[in-house]
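The lines below spell out each chain.
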Amino acid sequence: MSATTVAPVAVKKNYLTALNEALAEEMARNPLMLCQGEDIGKLGGAFGVTEGLQATYGDHRVVDMPISEAAIIGSAVGMALNGMTVMAEMQFIDFISCGFDQIVNMMATYHYRTAGEVHIPVVVRGPAGAYGGGALYHSQMNEAWFCNSPGLKVVCPSTPYDAKGMLKAALRDGNPVIFYEIKELYRKREIEEELPTEDYIVPLGKAAIRREGKDITLVSYGQNVYHCLDAAAELENVGVSAEVIDLRSLVPLDEETVFNSIAKTSRVIVVNEAPMTCGFAGELVARISTKAFHLLDAPPSRVTRMDTPVPWVKPLELHVLPTVDKIVAEAMRIVKF
Amino acid sequence: MSAKSGSATAERAEQAIKPSQNLSKEDCLELFKQLYLARYFDVRLIKEKKRGRLRGTLYSSHNQEAILVGSLFGLAATDWISPIHRDMPAFFMKDFRFGVDNPNRLGMSIEEVCCQVWGKEGSPGRARDNWSHIGSKSKKIIHSTSMLAGTIPVAAGVVYADRMQGGNAVCLTYNGEGSTAQGIFHEAINYAAVHKLPVITIVENNQWAYGTPVEMECPTPDVADRAKGYGILGLIADGQDVFDVYDKVMQAVEHSRAGNGPSIVECKTFRAYGHGDHDDDRAMKYRPAKEIEEGRKRDPIAVCRKRLIELGYLTGADKTSYMAEGKNAGESSNDDFPPEIIEFMNKGIEFAMNSPMPAAEEAEQWVFWDGDKP
């Protein structure tokens with residue numbers, strides 16, 4: 001018998017595959033888990049996140065739903081009430097508004113109004129974010145709605161490693177989680193990475209430092225993390241050292257990592273692609289102003305989308321969204337403050 | 001099985017002996033007693049409120065008791081219910097016929113329900129939300145909210161999960177005809193019909209949605225007609241007749257148990273008071289007095305009494321004892337109700353009034369689940 005051993009070839013995986021693996025592994029691990037959404041069965045979902053799941057787990061556990069986000073979410077709550085764990089897919093996160101009442105009044109409040117008798121292990125996930133020409137109804141980041149609804153966890157991974165580990169953590173969390181996936185990252189080659197072969201999770205509520213720096217802190221999440229990293233590279237060319245923090249989770253929020261960074265840099269900009277007014281960037285800036293004011297040498301700032309919908313064609317779209325140029329310009333203003 | 005053959009099953013059931021014809025004398029007298037119990041719960045709370053011993057709004061089920069009593073009576077202990085604001089007695093009357101003191105009964109105690117009404121810590125939800133916004137996972141009662149028809153999809157999910165785990169439970173959801181205008185009413189029934197889920201949507205058509213008459217809410221006279229559009233069973237019951245409600249709901253339950261899916265059971269009834277007790281006086285502005293007078297003539301207690309006399313189950317002095325029918329809270333007294341019912345309510349009310357409110361700090365608790373604590 002040949003003793004030849006072949007060294008395993010390192011396989012880099014994209015963000016979408018990472019999500020698919022998380023779902024497949026959790027479905028295998030938990031026989032009382034079910035996935036439901038529009039076109040998620042034979043088709044495998046509009047983007048392919050649920051590819052192959054129905055073939056493995058059957059059409060009773062991977063369910064093609066009518067076009068009714070309210071029924072998708074409401075029935076998921078009922079299943080959770082009766083012992084199951086449910087992944088509810090929104091075909092685009094923009095459509096989550098059609099199920100809004102079931103999320104904020106039914107699901108988010110369930111644990112609270114039953115004084116702890118019931119908890120709801122449901123993950124509502126879907127593709128989010130702009131920069132792809134998706135226009136008004138295929139580009140949204142509406143996370144602030146749900147951050148403003150007590151009882152929901154709200155997360156947004158930016159790497160394949162986090163996408164898999166956080167989705168698994170969300171499915172085991174026991175609370176309702178709104179899971180923002182960045183569709184522009186689904187198949188982005190530059191961020192593909194090797195994933196552990198063993199089971200792992202990335203705990204919700206822990207931020208990650210993506211780049212160390214000492215002059216200014218750029219706080220972001222989702223695809224804007226990459227805009228911040230590109231901005232940091234440009235800033236380095238002009239002698240400004242920027243630290244980049246990826247929040248990963250908005251509720252619960254890792255304030256400590258943010259404040260520790262500001263203690264070092266004394267300057268901070270929060271960057272996100274949601275509209276500015278009452279957005280999460282505003283919330284974070286308020287917390288920094290209240291709790292870390294003594295650490296600051298300049299006013300905390302934000303670079304967000306303008307208070308407009310996301311328009312379709314490229315010049316219009318980029319006009320309203322955060323860009324590397326806009327982040328660099330604001331960083332220079334804050335550094336010189 | 002196709003929707004068409006499902007309807008055929010229903011027709012056959014209609015031709016067979018009515019389920020109520022199989023009820024024993026004891027069962028029939030129990031139904032009669034439960035009508036009194038539901039009525040007394042309502043009358044007594046209105047009196048308590050008028051005496052200033054109670055805060056919060058009451059949503060009276062007066063004159064609609066036959067719907068609750070008749071629909072609950074034939075359920076198995078494994079079945080679920082989803083009551084709303086006008087169904088308050090359902091919380092303690094679920095599985096009542098198994099004996100109120102039976103520890104295995106899956107219904108709330110009157111003490112728990114009164115604690116909820118009075119906002120005390122003994123409430124199943126520890127008085128975090130008001131009036132009917134309670135429920136119990138262990139007792140298979142879906143927790144209600146203010147979003148009408150909003151629990152129908154939850155009910156569908158509950159029975160889907162039950163089926164996945166090998167069960168054969170049905171879920172009765174209670175709704176007013178006003179809630180049928182909500183999008184979720186359609187979305188949830190459509191979903192349940194696609195999957196043939198055993199969800200029975202009871203529509204208590206009491207002709208009024210708060211201050212709006214039914215003709216301004218529904219374009220057709222019968223809500224049950226909508227069942228055709230989903231290919232599901234649609235039935236109309238006389239909501240004043242506990243036996244007819246029992247028959248129609250049991251027909252729907254058997255239809256579901258046989259795997260034929262959901263149904264709509266419309267119970268025609270009449271709202272005796274305002275939307276809530278806060279609205280009783282103002283209700284006279286939008287409701288003709290004659291309508292109220294006419295409606296009261298078919299009191300469910302009177303309808304049941306007539307039937308029991310015909311069946312020979314009420315004879316002699318029993319025929320006219322405890323004449324609670326046709327009287328509103330102000331007109332009725334304790335003499336109109338059997339003493340054991342008054343005693344039952346007294347026990348609940350005393351317990352609630354002597355119970356503490358929850359501690360203020362509890363307001364911050366249970367926003368998130370933190371794992372199973374020992």
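Residues numbered from 1 in each chain as written. Chains lettered and ligands numbered in written order. Predicted model: local features only at pLDDT ≥ 70, side-chain atom pairs only at ≥ 80, totals over all residues. Heavy atoms only, no water.

A. Region of the structure containing the state of the cysteines. Residue and element names in this part refer to chain B. Enumeration according to the criterion identifies 0 disulfides over all chains in this entry. For the unlinked cysteine Cys 171, the closest cysteine sulfur is that of Cys 267, found at 15 Å. Unpaired in terms of disulfides, Cys 218 finds its nearest cysteine sulfur in Cys 267, a separation of 14 Å. Note on Cys 218: relative accessible area 7%, which makes it buried. (Disulfide = S-S within 2.5 Å. Buried < 20%, exposed > 50% of the residue type's maximum accessible area, 1.4 Å probe, protein only.)

B. The arrangement of the packing of aromatic side chains in detail. Tallying each qualifying case throughout the model produces 18 aromatic pairs over all chains. Judged by centre distance (6.1 Å) and plane angle (70 degrees), the ring pair of Trp 145 of chain A and Phe 146 of chain A falls under edge-to-face. Of the residues examined, Trp 145 of chain A reaches a relative accessible area of 38% and is grouped as partly exposed. Residue Phe 146 of chain A is classed as buried on the basis of its relative accessible area, which comes to 0%. On the basis of an interplanar angle of 20 degrees and a centroid distance of 4.4 Å, the ring pair of Tyr 161 of chain A and Tyr 200 of chain A is categorised as stacked. Of this pair, Tyr 161 of chain A sits in helix 7 (residues 160-173) while Tyr 200 of chain A sits in the loop between strand 8 (193-194) and strand 9 (208-211), placing them 39 residues apart in sequence. In this structure Tyr 161 of chain A comes out as partly exposed when scored by relative accessible area, which is 32%. Relative accessible area serves as the criterion here: at 9%, Tyr 200 of chain A is assigned to the buried category. The ring of Tyr 160 of chain B is capped by Arg 163 of chain B, whose NZ or CZ atom sits 5.8 Å from the centre of that ring. A cation over an aromatic ring shows up here: Arg 307 of chain B above the ring of Phe 243 of chain B, its NZ or CZ 4.3 Å from the ring centre. (Phe/Tyr/Trp six-rings, centres within 6.5 Å; stacked < 30°, edge-to-face > 60°. Helix = DSSP H or I, 4+ residues; strand = E, 2+ residues; numbered from the N terminus. Lys NZ or Arg CZ within 6 Å of the ring centre and 35° of its normal.)

C. Region of the structure containing the environment of Gly 83 of chain A. Here Gly 83 of chain A lies in the loop between helix 3 (69-81) and strand 4 (85-89). Separated by 44 residues in sequence, Gly 83 of chain A and Asp 39 of chain A place their C-alpha atoms 25 Å apart.

D. Inspection of helix 2 (residues 25-50) of chain B at higher detail. With 26 residues, helix 2 of chain B extends 38 Å between its outermost C-alpha atoms, agreeing within 8% with the 38 Å of an ideal straight helix rising 1.5 Å per residue. Positive backbone phi, at 80 degrees, marks Gly 52 of chain B, one or two positions downstream of helix 2 of chain B. (Expected span 1.5 Å × (residues − 1).)

E. Region of the structure containing the pairing of strand 2 (residues 171-176) of chain B. All names here are of chain B. Burial runs high along strand 2: 5 of the 6 residues are buried. Where strand 1 (residues 80-82) lies against strand 2, 3 bridges are found, and the strand directions are parallel. Directly across from Ile 81, in strand 2, lies its bridge partner Leu 172. Examined bridge by bridge, strand 2 and strand 3 (residues 199-205) share 6 bridges and lie parallel to one another. Residue pairing for strand 3: Cys 171 is matched across the bridge by Val 199. A crossover connection joins strand 2 to the parallel strand 3 through helix 7 (residues 183-194); in handedness this β-α-β unit is right-handed. (Pairing = 2+ DSSP bridges. Right-handed = clockwise from strand over helix to strand, strands pointing away.)

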